[in-house]
Amino acid sequence: MGSQDDLKSASTLASYNVLLQVMFRLLTFFLNAFTLRFVSKELIGVVNVRLMLLYTTLVFLSREAFRRACLSGEGEGRNWRQVINLLWLTLPLGCLWGALLVCVWWWLLKAPDPEAVPHYVPAVGFFCLAALMELLAEPLWVLAHAHMLVRLKVVAESLAMIAKCLVTVVMVVSAPDWGLYIFSAAQCVYAGFLLLCYIIYFLQFLGSEEAKKKSFPLDHVSQLLPTRLNGQPLINWKLATLTWSFFKQSFLKQILTEGERYVMTFLNVLNFGDQGVYDIVNNLGSMVARFLFLPIEESFYVFFAKVLERGQDVRQQKQEEVSIASNVLECLLKLVLLIGLIITAFGYSYSYLALDMYGGGLLSSGTGPSLLRCYSFYVLLLAINGVTECFVFAAMSKEEVDRYNLVMLGLSASFLLLSYWLTWLFGGMGFILANCCNMGLRIMHSLIYIHRYFQHSVHTPLSGLHPHPALLIALMMSFVLTGFSERMLCCDSGWLLRLAHITIGAVCLLGVVIVAFLTETRLVQFIRTQLLPKYSKKDT
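For clarity, every value in this text was computed on a predicted model and none was experimentally measured.

(A) Looking closely at the overall build of the chain. The helix and strand tally for the chain stands at 22 helices and zero strands. Relative to a compact globule of 540 residues, whose C-alpha radius of gyration would be 24 Å, the chain shows 24 Å and is just as compact. With 540 residues in all, the chain has 57% of them scored as buried. Only carbon and sulfur atoms are counted for the fraction: they give 66% of the accessible area of the chain, which is about 23,600 Å². Each charge sign in the chain was given a centre, from 40 positive and 35 negative side chains, and these centres are 2 Å apart.

Have a look at this one:
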């Protein structure tokens, strides 16, 4: 597959991932708004912070390193039977992590009040079981991702999420006193549906005409299971070594990614009710980052890993592919920077209104609006960091990955200390401020690496971080106008003035989009040809 084909596949994958994440976040958005009417904020805090932290920690530490290594690419000669054998190690690793984490969650952490949050102990076990079920699908997920079977992921995760939402809604309405059993059952249903969809697809796909057209390396279901290979090592030891390097890095990255939840869980800086409110505000603030930036990062990591030779000097690689990678990186940086600036400019004036419409006085009173305003700036940093680290992780050699682990170790330690100190000073906002500091340091490291990577070539992808001056002026004017509109029209004078405030914001946003369309023509062309499936189909 050539670099242009890789780019097209990665772009299609990013587009479908964005649509999938939009659906996920909208479902979760409305689900949280619905469940807030039936359950306590303490229950929401235990589920969304403590139990989901158990789930994400177990899954991330068990599979992330394997995903990174097995999707890095070793050319056309890779032995997928060895890769499958390696990927099945995620399950025993998950069992080990599960046993350790369940013991910590049962006996070392303070349990919630059984009157306010019943059934905590069995819920921990059910969330661990759901995580292990999801790990069973890992070999199939990597196969699908590596061969760009994008519709499979969309369908599987969509059905799983819909099933989870239906179970939650039905049980919350019919049996709200079941407490954590409701969310435990929903999480198990999600993992079960996900696994079932992947199994059914590959049962039909393997050996089919479609598989032969795609030159799929496996043709029988038995090849999806771990097996001995005649005259060959059981696993690819080069991939195994790379997996170990990524494993050390993923452990540190998990602390950075979920750092505030670890601090809340292990240091008890906020009670369960405050944790619930913070988590809702956090999810609302990070919605765009999660459903837009994360899919782009995941999809274009695959593209960069396929196009670039890991650890090779830019002068020793195919210049055509280096040029394509540079152009794509520049356009991606400009795209996420523009989206981040828009969120920062408009988020300040619409944070209070958004929280009041979503959760009423429970969220809009107190520190909620301040948290969301601060998060608007943090989204800008998330946008830039996602793309820069996506490129850096795809281009680094094993030795560079190992050295970066030391950087991540320092960032992890400083983040935990900083978040505890800032939370003690500023409450929930301290988490966001600590995240901003760490994200800024990670961006700085990535920018230095990218600059050094391209310094001996004619390419300057970091110019994507320089938006057109007219666009900056439009954003500044929108910030001032919407700020004035909030002071004059929002939000205690009725819905008519609220609608007027929303209308002013919509007009300002339209103006910014028009200016961007006229000044960033290269970015517009990239979006039309690479990120929007309908334009890609027309071009082909």
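(B) Summary view of helix 14 (residues 319-359). Of all the bends in helix 14, the greatest, near 60 degrees, is centred on Tyr350. Among the 41 residues in helix 14, 32 count as buried, and that is most of the element. A positive phi of about 70 degrees marks Gly360, the residue just after helix 14.

(C) Structural context of a nonpolar patch on the surface. Side chains of Phe126, Leu129, Trp178 and Tyr181 sit close together on the surface and give an oily, nonpolar patch of about 370 Å² of accessible area. Its place among the elements puts Trp178 in the loop between helix 7 (150-174) and helix 8 (180-205).

(D) Focus on the environment of Tyr420. For Tyr420, the position within the fold is in helix 17 (residues 398-426). Spatially, the C-alpha atoms of Tyr420 and Ala434 are 8.8 Å apart, while their sequence positions differ by 14 residues. Contacts of Tyr420, omitting those with residues within four sequence positions, involve Leu267 and Val269.

(E) Unusual backbone geometry, seen in detail. For His119, which is not a glycine, the phi torsion comes out positive at approximately 70 degrees. With respect to the helices and strands, His119 occurs in the loop between helix 4 (90-108) and helix 5 (120-135).

(F) Quick peek at the nonpolar core. In this structure, Tyr198, Phe202 and Phe304 are the most contacted members of the largest nonpolar core, which totals 177 residues. The element best represented in this core is helix 14, accounting for 22 residues.

(G) Fine view of the environment of Ser215. Here Ser215 lies in the loop between helix 9 (209-213) and helix 10 (237-257). Between the C-alpha atoms of Ser215 and His147, which are 68 residues apart in sequence, the distance is 9.5 Å.

(H) Just the side chain of Asn385, in detail. In this fold, Asn385 is placed in helix 16 (residues 368-395). Classification of Asn385 by relative accessible area gives buried; the value is 5%. Aside from chain neighbours lying at most four places away, what touches Asn385 is Met439, Arg442 and Ile443.

(I) Main features of the packing of helix 2 (residues 41-70) against helix 6 (residues 138-146). Relative to each other, helix 2 and helix 6 sit at 30 degrees, their axes nearing to 11 Å. Taken as axis vectors, helix 2 and helix 6 run roughly parallel relative to one another. Of the two elements, helix 2 crosses helix 6, and the hand of that crossing is right-handed. Facing helix 2, whose interface residues are Arg63, Arg67 and Cys70, helix 6 presents Glu138, Trp141 and Val142. A class-by-class count of the residues in the contact of helix 2 with helix 6 yields three nonpolar, no polar and three charged.

(J) Layout of the packing of aromatic side chains. Going through the model one piece at a time under the given rule, you end up with 22 aromatic pairs. Taken together, a centroid distance of 5.0 Å and an interplanar angle of 90 degrees make the contact between Phe205 and Phe216 edge-to-face. Within this pair, whereas Phe205 is found in helix 8, its partner Phe216 is found in the loop between helix 9 and helix 10, the two being separated by 11 residues in sequence. Note on accessibility: Phe205 and Phe216 belong to one class, buried.

What counts and what doesn't
- Residues numbered from 1 in each chain as written.
- Predicted model: local features only at pLDDT ≥ 70, side-chain atom pairs only at ≥ 80, totals over all residues.
- Heavy atoms only, no water.
- Helix = DSSP H or I, 4+ residues; strand = E, 2+ residues; numbered from the N terminus.
- Rg over C-alpha atoms; globule rule 2.2 N^0.38 Å.
- Buried < 20%, exposed > 50% of the residue type's maximum accessible area, 1.4 Å probe, protein only.
- Areas by Shrake-Rupley, 256 points an atom, 1.4 Å probe, with all protein chains shown as cover.
- Lys, Arg positive; Asp, Glu negative; His and termini not counted.
- Charge placed at Lys NZ, Arg CZ, Asp CG, Glu CD.
- Bend = angle between axes of the 7 residues up to and from the residue.
- Patch = residues over 30% accessible without salt bridge, like charges linked within 9 Å, V, L, I, M, F, W, Y side chains within 5 Å.
- Salt bridge = Lys/Arg side-chain N within 4 Å of Asp/Glu carboxyl O.
- Contact = heavy atoms within 4.5 Å.
- Core = buried A, V, L, I, M, F, W, Y, C linked by side-chain atoms within 4.5 Å.
- Axes fitted to C-alpha atoms, helices over the stretch in contact; angles between N-to-C directions.
- Parallel < 35°, antiparallel > 145°, perpendicular 65-115°, else oblique.
- Left-handed = near helix turned anticlockwise from the far one by under 90°.
- Nonpolar A, V, L, I, M, F, W, Y, C, P; charged D, E, K, R; others polar.
- Phe/Tyr/Trp six-rings, centres within 6.5 Å; stacked < 30°, edge-to-face > 60°.

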